[in-house]
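# Residue-level structural notes
For reference, the chains in residue letters:
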Amino acid sequence: MITGSCNCGAIKYQITGKIQKTVNCHCNLCRKMNGSAFSTYAAVLQSNFELISGKLASFKVSENARKHLCHQCATPIYNSSSNYVGLNILHIGSLDSVDELIPEVNIYGESKLQWLSRISELPTFDQSMK
Ligand SMILES: [Zn+2]
Ligand SMILES: [Zn+2]
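Residues numbered from 1 in each chain as written. Chains lettered and ligands numbered in written order. Predicted model: local features only at pLDDT ≥ 70, side-chain atom pairs only at ≥ 80, totals over all residues. Heavy atoms only, no water.

### Notes on the coordination of the zinc ion (ligand 2)
Bound to the zinc ion (ligand 2) are the protein donor atoms Cys25 (SG), Cys27 (SG) and Cys30 (SG), situated 2.1 to 2.3 Å from the metal. Every donor residue of the zinc ion (ligand 2) comes from the same chain, spaced as C-x1-C-x2-C. Accessibility assignment for this pair places Cys27 and Cys30 in one class, buried. (Donors = N, O, S within 2.8 Å, 3.2 Å for Na, K, Ca; no water. Buried < 20%, exposed > 50% of the residue type's maximum accessible area, 1.4 Å probe, protein only.)

Dropping the structure here:
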């Protein structure tokens, strides 16, 4: 059973069935609306998504898409889009265990930030830089 939650703990959800696809999205919309260099998503069937607790706030982020957040702490939980009817596109960080979820593809590579391909070459600290 795959489970997920938000940062404050109010939202808890579970996924029955399997993840359809795990993708890194490099589009400008995701970069802007998530405030991040790129966004990783795991798509599941809407019918396999069960909200166990908490309340979601929902915002229109483009002509076709909505972003669903924890009502209390604003952790992004999933996106939905009229381009992908029947899918909840989970923000991968909302899943409780992400180690086994390895992205399969990069989409919107045309707007991918150039430095991302060299990220593993940067000096890396186990924790914060002192
Ligand atoms: Zn929360
Ligand atoms: Zn995107």
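### Let's talk about the coordination of the zinc ion (ligand 1)
Every protein donor of the zinc ion (ligand 1) is listed here as Cys6 (SG), Cys8 (SG), Cys70 (SG) and Cys73 (SG), and their distances to the metal cover 2.3 to 2.4 Å. For the zinc ion (ligand 1), the four donor atoms in the first shell make angles of 103 to 114 degrees at the metal, a pattern classed as tetrahedral. Each donor residue of the zinc ion (ligand 1) belongs to the same chain, with the gaps between them written as C-x1-C-x61-C-x2-C. Of this pair, Cys6 sits in the loop between strand 1 (2-5) and strand 2 (12-15) while Cys70 sits in strand 7 (residues 65-70), and the two are 64 residues apart along the sequence. Overall, Cys6 belongs to the buried group, its relative accessible area being 7%. A relative accessible area of 3% places Cys70 in the buried class. (Tetrahedral: all angles 85-135°; square planar, octahedral: opposite > 155°, others 65-115°. Helix = DSSP H or I, 4+ residues; strand = E, 2+ residues; numbered from the N terminus.)

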